[in-house]
Amino acid sequence: MSRLVVVSNRIADPRKTAAGGLAVALGEVLNNTGGMWFGWSGKIVDAAEGDDVQFEQAGPVRLATVHLSQVDHDAFYLGYSNGVLWPVFHYRLDLADFDAGYIAGYRRVNQLFARKLLPLLKPDDVLWVHDYHLIPLAAELRALGCQQRIGFFLHIPLPPPLILAAIPGHDWLIRALFAYDLVGFQSRTDLEHFERYVETEAHAQALEDGRWRAFGRTVKAGAFPIGIDVQEFDQLTHAPEAMEMYERMKREYSRRKLLVGVDRLDYSKGLPQRMRAFREFLQKNPDLRQSATLIQIASPSRENVSAYTDLLHELESLCGAINGNFGELDWMPVRYIHRTVARARLPGLFRASRVALVTPLRDGMNLVAKEYLAAQNADDPGVLILSRFAGAAEQLKEALLVNPYDTENTAAAILLALQMPVEERRNRHQAMMRTIRAYDVHWWCDSFLDALAETDAEESGASWLRL
Ligand code: GDG
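Residues numbered from 1 in each chain as written. Predicted model: local features only at pLDDT ≥ 70, side-chain atom pairs only at ≥ 80, totals over all residues. Heavy atoms only, no water.

Chemist: Got a sec to walk through helix α7 (residues 188-200)? Specific residues and values, please.
Modeler: Here α7 spans 18 Å end to end across 13 residues, near enough to the 18 Å set by a 1.5 Å rise per residue. When we look at burial in α7, the residues that qualify are Asp190, Leu191, His193, Phe194, Glu195, Tyr197 and Val198. (Helix = DSSP H or I, 4+ residues; strand = E, 2+ residues; numbered from the N terminus. Expected span 1.5 Å × (residues − 1). Buried < 20%, exposed > 50% of the residue type's maximum accessible area, 1.4 Å probe, protein only.)

Next up, the structure:
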């Protein structure tokens, strides 16, 4: 069995619960193959301190990291990754900052990763690169002579060709994807966007089995919707910390139904729109007012990017206004918490909540939707309100699907969810559990790695034009 080498911007110690299901799942494959996880250490250092690789052993898994200089971090991470790619890939051209200097930093860090990683590789290693920070990594590795099989998975959406084409240098970016043997997307929609782009903009030739030929290379593209580790989440749900949280919430809110939202504080998650929908619900249903409370956890994220500070202020002001206008001495409609909650407690909060509001404006997949379902009591489950613009909506058809831009329609879904009879809640929950069990994170890992193993390395790796 080949050794697996995972590369991502940030790495996690797969042995720690706080790392989350993805790290646990990748950790499992890494464990089985005595693999290596390579990425940024999270540290910013003086250029003079050097860029030596740091090693740490996590059981059989080798963790290898490099530090970044302030200049590189700002251009690569804040600038190009989160100031250009994140907004544009989430269809937010209005928030993109196309500063010409960022792309050089983005390339520099990808080149640094390639230079530092290459000497650590064995000839039959299989590489799995993750996410938008590292799109050109395979091209940089190939330029240094790397022949190994390399797969890439994009965790965020891929926008339609015309939106993608607004990025200066978009052709360079997509051409870089052809240095991989396999490129994976979250949904059919994202895959279709890729196909349309390469056909129209790169004049790629469609071959059999999802393979595309352009720039003297062949790449296979597919949709691999990411899942959660349902079993691990179930264990977490029944562990003391989550049970304690559940009991506490049940006691505290014994007279009311809870609605819950758990998101990173990010403009893609549709938080202000969600608050407006909840306000509309309160306005329209005065008789139900005191019977529902929305708990919104918004964990801090990328606080040094300005679009995030604006969002923080908008959300604070909306929550304050809702509580000010509708609150009573013994009831606050919204509990807004701008902190990260311990992972071990989340399932308890989910289980105690009758409704989950997962209403992103655009989302690659959205794992919170799946975690909420996995934490429910199957006999008396809650209702998932899910944005049709989350990748998860392609799979979770039995959720109450909403358009988050449509305040009235989302408010109506809240009412429907709060009044849904137990029989219907059970049926919907059961159907969705079947899906998230069948397509869990292990399925995702295995199906991606199987597809990567089946690619014809000789055909795709035959030649590589320099970027
Ligand atoms: C990207 C894509 C894609 C959230 N708040 C807290 C907390 N979380 C955990 C959730 C969940 C994870 O973070 C968030 O995952 P999502 O999928 O919802 O969203 P992104 O962070 O944007 O992830 C997304 C994902 O990659 C995987 O491919 O689905 O579309 O954008 O696990 O539970 N965890 C803790 N405290 C919090 O306050 N402990």
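Chemist: Give a detailed account of unusual backbone geometry, specifying residues and quantitative values.
Modeler: Even without glycine at this site, His203 takes up a positive phi of about 50°. Note that His203 resides in the loop between α7 and β8 (205-206).

Chemist: Any chance you could break down the pairing of strand β9 (residues 211-214) for me, citing the residues and the numbers?
Modeler: Moving residue by residue along a regular strand, the side chains alternate between the two faces of the sheet. In β9, alternate side chains face the same way, and those of Trp212 and Ala214 are buried while those of Arg211 and Arg213 on the opposite face are not. Relative to β9, β8 runs antiparallel, the two being bridged by two bridges. Across the sheet, the residue bridging to Gln205 is Arg213, located in β9. Between β8 and β9, which pair antiparallel in sequence order, lie four residues; one of them, Asp209, sits at a positive phi of approximately 55°. Of the pairings in the sheet, the one linking β9 to strand β10 (residues 217-223) comprises four bridges and is antiparallel in character. Residue Ala214 lies in a different strand from β10, and its bridge partner there is Arg217. Taking the residues between adjacent antiparallel strands as the criterion, β9 and β10 are bridged by two residues, where Phe215 takes a positive phi near 55°. (Pairing = 2+ DSSP bridges.)

Chemist: Describe the packing of aromatic side chains, listing the residues and the values that go with them.
Modeler: Taken as a whole and assessed by the stated rule, the structure comprises 21 aromatic pairs. Both rings, one in Trp40 and one in Tyr77, keep their centres 5.9 Å apart while their planes meet at 45°; by these two values the pair is tilted. Taken as a pair, Trp40 in strand β2 (residues 36-45) and Tyr77 in helix α2 (residues 70-89) lie far apart in primary sequence, 37 residues in all. The pair formed by Trp40 and Tyr77 is uniform in burial state, with each residue classed as buried. Geometrically, the ring pair formed by Phe153 and Trp444 is edge-to-face, given 5.1 Å between the ring centres and 80° between the ring planes. With Phe153 in strand β6 (residues 149-153) and Trp444 in helix α16 (residues 441-454), the pair connects residues that are 291 residues apart, well separated along the chain. Among the residues examined, Phe153 registers a relative accessible area of 0% and is labelled buried. What links up through ring pairs into an aromatic cluster is the set Trp128, Phe153, Phe224, Trp444 and Phe448. Above the ring of Phe55, the side-chain terminus of Arg62 is found at 4.0 Å from the ring centroid. Lying across the ring of Tyr246, Arg351 places its NZ or CZ 6.0 Å from the centre. (Phe/Tyr/Trp six-rings, centres within 6.5 Å; stacked < 30°, edge-to-face > 60°. Lys NZ or Arg CZ within 6 Å of the ring centre and 35° of its normal.)

Chemist: How would you sum up the side chain of Thr410? Please name residues and give values.
Modeler: Its location among the elements puts Thr410 in helix α14 (residues 407-419). For Thr410, a relative accessible area of 3% corresponds to the buried category. A distance of 2.9 Å separates the side chain of Thr410 from the backbone oxygen of Asp406, its partner in a polar contact. The contacts of Thr410, once residues within four sequence positions are left out, are Ala277, Val402, Asn403 and Pro404. (Polar contact = N/O pair within 3.5 Å; in protein donor to acceptor, adjacent residues only side chain to side chain. Contact = heavy atoms within 4.5 Å.)

Chemist: Tell me about the domain arrangement of the protein, and please be specific about residues and values.
Modeler: Interface size is often expressed as the accessible area that is lost when the parts come together. Under the domain assignment, the protein is made up of domain 1 (4-227 + 442-460) and domain 2 (230-437). Both faces considered, domain 1 and domain 2 share a buried interface measuring about 1,800 Å² in area, 60% of it formed by carbon and sulfur atoms. Put simply, domain 1 and domain 2 have one salt bridge between them. Between Asp190 and Arg362 there is a salt bridge whose closest N-O contact spans 3.9 Å. Across the domain 1-domain 2 interface, the total number found is five residue pairs in polar contact (both at pLDDT 80 or more). At the level of secondary structure, the elements contributing two or more residues to the side of domain 1 that touches domain 2 comprise α1 (21-33), α2 and α7. By residue number, the principal contributor to the side of domain 1 that touches domain 2 is α2, which donates five residues. Partitioned by chemical class, the residues of the side of domain 1 that touches domain 2 number 13 nonpolar, ten polar and three charged. (Domains from an automatic or database assignment. Buried area = accessible area lost by both parts, 1.4 Å probe. Salt bridge = Lys/Arg side-chain N within 4 Å of Asp/Glu carboxyl O. Nonpolar A, V, L, I, M, F, W, Y, C, P; charged D, E, K, R; others polar.)

Chemist: Explain the nonpolar core residue by residue, including any values.
Modeler: By size, the foremost hydrophobic cluster in this structure holds 101 residues, and its most contacted members are Phe89, Ile135 and Phe194. With ten residues, α2 is the single largest residue contributor to this core. Inspection of this core shows a minimum of three residues originating in each of domain 1 (4-227 + 442-460) and domain 2 (230-437). Not counting chain neighbours up to four residues away, the residues in contact with Phe89 comprise Ile135, Leu154, Ile156, Pro157, Leu158, Pro159, Leu164, Ile167 and Leu173. In this structure, Val126, Ile226, Val358 and Phe448 belong to the second largest nonpolar core, which totals 62 residues. (Core = buried A, V, L, I, M, F, W, Y, C linked by side-chain atoms within 4.5 Å.)

Chemist: Run through the pattern of salt bridges, naming residues and quoting values.
Modeler: What the rule picks out here adds up to 18 salt bridges. Salt-bridge contacts for Glu314 lead to Arg276; the nearest nitrogen and oxygen are separated by 2.7 Å. Separated by 38 residues along the polypeptide, Glu314 in helix α11 (residues 306-326) and Arg276 in helix α10 (residues 271-284) bring together distant segments of the chain. Judged by its relative accessible area of 28%, Arg276 falls in the partly exposed class. Among the ionic pairs, Arg425 bridges to Asp380, the shortest N-O distance being 2.7 Å. Here Arg425, found in helix α15 (residues 422-438), pairs with Asp380, found in the loop between α13 (367-374) and β15 (383-387); they are 45 residues apart in sequence, far enough to count as distant. Classification of Asp380 by relative accessible area gives partly exposed; the value is 38%.

Chemist: How would you summarise the site of the ligand if you had to cite specific residues and measurements?
Modeler: Taken together, 22 residues surround the ligand, and among them His155, Val341, Asp363, Leu367 and Glu371 come closest. Separating an oxygen atom of the ligand from a side-chain N or O atom of Gln186 is a distance of 3.0 Å. Alone, the ligand offers 720 Å² of accessible surface; in the complex the protein occludes 84% of this. Counting only elements with at least two residues in the shell around the ligand, the list comes to β11 (257-264), β12 (292-299) and α13. Class assignment for the residues of the shell around the ligand results in ten nonpolar, six polar and six charged. Here the shell around the ligand spans two domains, since at least three of its residues come from each of domain 1 (4-227 + 442-460) and domain 2 (230-437). (Near = heavy atom within 4 Å. Areas by Shrake-Rupley, 256 points an atom, 1.4 Å probe, with all protein chains shown as cover.)

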